[in-house]
Each structure stands twice: as C-alpha cells, then as structure tokens.
Amino acid sequence: LLFAQVNAFVSPGVASGENIYIDPASGVNVSQDPKILIPKINVEAPVMYDVNTLDEPVIQQKLKDGVVHYPIPGANAMPGQTGNTVVLGHSSNDVFDDGKYKFVFVQLDRLESGDKFYLHYNGTRYTYQVTEKKIIDPTEVNQLVINNGKPLATLVSCTPPGTALKRLIVIGEQISPDPSTASEQTADQTKPTAERATAIGGVAPSFFERLFNVSF
C-alpha cells in the first residue's frame, strides 16, 4: 500500500511521462478531445462532460476514466461560459480499485496563485489562472456557487490525500480566450432543479470500509 501511494505521487495520472509544456504562442484551437492539463503537476487527463446527475455511483464510474465535470446546480457552467465550471478528481482512491486516474489530483495542493491550468472543450483551449485555493468541509457546497459574472473553473479533490475529511478547491479565472467574449449559460443550466447536493461527492468506499462494511 505504501509503495502504491509513493508511486502515485511520482506519476498521478498523466498520459505521458514527459513534462507537459504549453506553448503560449500555440493559439487556442485544439483537438475535439476534452481534457485537462496542469503543467505544474504534470497532469493530463480526459474530462467527462456527459455527467448530468449527482448520483454517486455514476460519478464513481466516470472517475475511473478521468476527471468529471460536476453538475452542481448553480455551478454547472461549461468552459467559455460565465459562471463556475467545477471539475472533480480523485486525490487518492483505493489502490485496489481499477481505473487509471485514481490519483490524478494528488498533487493539486502544489498549485498557487498565478499558476495556470487548461481545459480543452469543443476544439478550444481555455486557459485559467489560479486566483484562490482553500480547504472546505464537504457540506460547504455553496462555496462552489460563484456568480461574479466571470468565466471560472474550480478544481476539487479530497484532502488530505487518502481521506475524505475535507475538500481542496482551486479556483481559476479564464484568461484566454478573452473572458469578455464568454457566453451566458443556457436556460436549462440556470433553471431550478429538484436534485440538490448536500455534500461534495466523488468519494469511493475505502478498502477497509468494503472489507468490514463500516465507515471510520
């Protein structure tokens, strides 16, 4: 178990062992493959934008294939829209679980104000600059509902790694393409919904919880 955790810190879920570099002069047009890139912590992973429920088994299944666009009511913008785009990823899931991305956000805490991360969506690269980082309780869902008229993206993971005690959130503002060109959310995104999040999910049962059917 210890060796698996150490290995996760060395390579948390990248597509390549090479360091990720984004040429600032490369433009914003990219392939249609949706992904997230965080050069500082060498992360490159697919983003699942097809999740339209907060049902935890569905979220867990999707997290096996990458990170998830988490559709919290009031914080379910897509890249390029005003509002908050919430992206959820594992920091340290059970080492016995399948999936390539169970440690993808294990080094997320290394990000600081001014660092950049990128979301590829519908053939466009959206660049975000970190403005804030904080640790919140899982029940503080309202911390993700940010309506300041700007296009934002917030990365979310459990912390400390290996636990589900708290949530680390890293908030970034879109700086490219020009944020003034961001579109408004659609009526379907902003209309009230019966599905409410009482806690930020994305936490799989641990090996010991499954073994003994208890929670610690």
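Once a new chain begins, its residue numbering starts again from 1 and follows that chain's sequence as written. Two thresholds apply to this predicted model, a pLDDT of at least 70 for residue-level local features and 80 or more for giving and counting side-chain atom pairs, whereas whole-chain, interface and lining totals are computed over all residues. Just so you know, side-chain values use all the structure's heavy atoms and leave hydrogens and water out.

Q: Help me out: how do you make sense of the overall build of the chain in this one?
A: For the purposes of this entry, the term helix denotes a DSSP run of H or I that reaches at least four residues, the term strand denotes a run of E that reaches at least two, and both are numbered from the N terminus. A tally of helices and strands in the chain yields 4 helices and 8 strands. Each helix and strand of the chain, ordered N terminal to C terminal, gives the series α-β-β-α-β-β-β-β-β-β-α-α. Throughout this description, buried means an accessible area under 20% of the type-specific maximum (1.4 Å probe, protein chains only), exposed means over 50%, and partly exposed covers the range between. Among the 216 residues that make up the chain, the fraction classed as buried is 48%. For the chain, long-range pairs separated by at least 24 residues make up 65% of all intrachain contacts whose partners lie at least 6 apart in sequence. When the accessible surface of the chain is split by element, carbon and sulfur atoms take 53% of a total near 10800 Å². Note on contacts: a residue pair is in contact if any heavy atoms of the two residues lie within 4.5 Å. Note that accessible areas follow from Shrake-Rupley with a 1.4 Å probe, and for residues the cover is restricted to the protein chains shown.

Q: Would you take a moment to explain helix 2 (residues 56–63) for this structure?
A: One turn of the α-helix equals 3.6 residues, which is why residues spaced by three or four share an orientation. Buried within helix 2 are the following residues: I59, Q60 and L63. Here the buried residues of helix 2 occupy an arc of 100 degrees about the axis, which is enough to place them on one side. Residues of helix 2 that are buried make contact with strand 3 (67–69) and strand 4 (83–88). Note: the arc covers the axis-to-C-beta directions of the helix.

Q: What is the right way to read unusual backbone geometry from this model?
A: Of all residues except glycine, most have a negative phi; of all peptide bonds, most are trans. Of the consecutive residues T159 and P160, the connecting peptide bond is found in the cis state with omega at -5 degrees. One can find P160 in the loop between strand 7 (151–159) and strand 8 (166–176). Cis peptide bonds are those with omega within 30 degrees of zero, and the linkage from S176 to P177 qualifies with -10 degrees. Of note, P177 is situated in the loop between strand 8 and helix 3 (187–190). Positive phi, close to 60 degrees, is recorded for N42, a residue that is not glycine. Along the chain, N42 falls in the loop between strand 1 (35–38) and strand 2 (43–48). For N42, a relative accessible area of 16% corresponds to the buried category. Positive phi values are uncommon outside glycine, yet N122 reaches one of about 50 degrees. Within the fold, N122 resides in the loop between strand 5 (116–121) and strand 6 (124–136). Take N122: its relative accessible area is 52%, and that puts it in the exposed class.

Q: It is not clear to me how the sheet that holds strand 4 should be interpreted in this structure. Could you clarify?
A: Pairing between two strands requires that DSSP report at least two bridges joining them. Spatial ordering of the closed barrel is given by 1-2-3-4-7-8-6-5, a layout of 8 strands whose pairing is mixed. This sheet shows a mean twist of 30 degrees between the axes of neighbouring strands, independent of strand direction. Examined bridge by bridge, strand 2 and strand 3 share 2 bridges and lie parallel to one another. Bridge pairing in strand 3 places M48 opposite V68. To obtain each axis, a line is fitted to C-alpha atoms, and for helices this fit is confined to the stretch in contact; angles are then taken between N-to-C directions over 0 to 180 degrees.

Q: What's the story with the pairing of strand 5 in this structure? I'm lost.
A: Side chains on a regular strand alternate between the two faces of the sheet. Here strand 5 lies mainly inside the structure; 5 of its 6 residues are buried. As paired elements, strand 1 and strand 5 share 3 bridges and run antiparallel to each other. By the bridge assignment for strand 5, K35 is matched with H120. Pairing analysis gives 6 bridges linking strand 5 to strand 6, with the strands arranged antiparallel. Each bridged residue has a counterpart across the sheet, and for L119 the counterpart in strand 6 is Y126. Turn length for the strand 5-strand 6 hairpin, with the two strands adjacent in sequence and antiparallel, is 2 residues, and the turn residue N122 shows positive phi of about 50 degrees.

Q: What am I meant to see in the nonpolar core here?
A: Burial of nonpolar side chains together is a common tendency in soluble globular proteins. Ranked by size, the top nonpolar core spans 25 residues in total, and within it I36, I38, F105, L108, L119 and L155 carry the most contacts. Contributing elements (two or more residues each) for this core: strand 1, strand 2, strand 5, strand 6, strand 7 and strand 8. Those residues in contact with I38 that lie beyond four places of it in its chain are V43, F105, L108, L111, K116, F117 and L155. Counting 20 residues, the second-largest nonpolar core is a separate cluster that includes V51, V86, V156 and I200. Residues belong to a common nonpolar core when they are buried Ala, Val, Leu, Ile, Met, Phe, Trp, Tyr or Cys residues joined through side-chain atoms within 4.5 Å.

Q: Please explain the pairing of strand 6 as it appears in this structure.
A: In this sheet, strand 8 lies alongside strand 6 in antiparallel orientation, the contact comprising 9 bridges. Counterpart to Y128 in the pairing with strand 8 is Q174.

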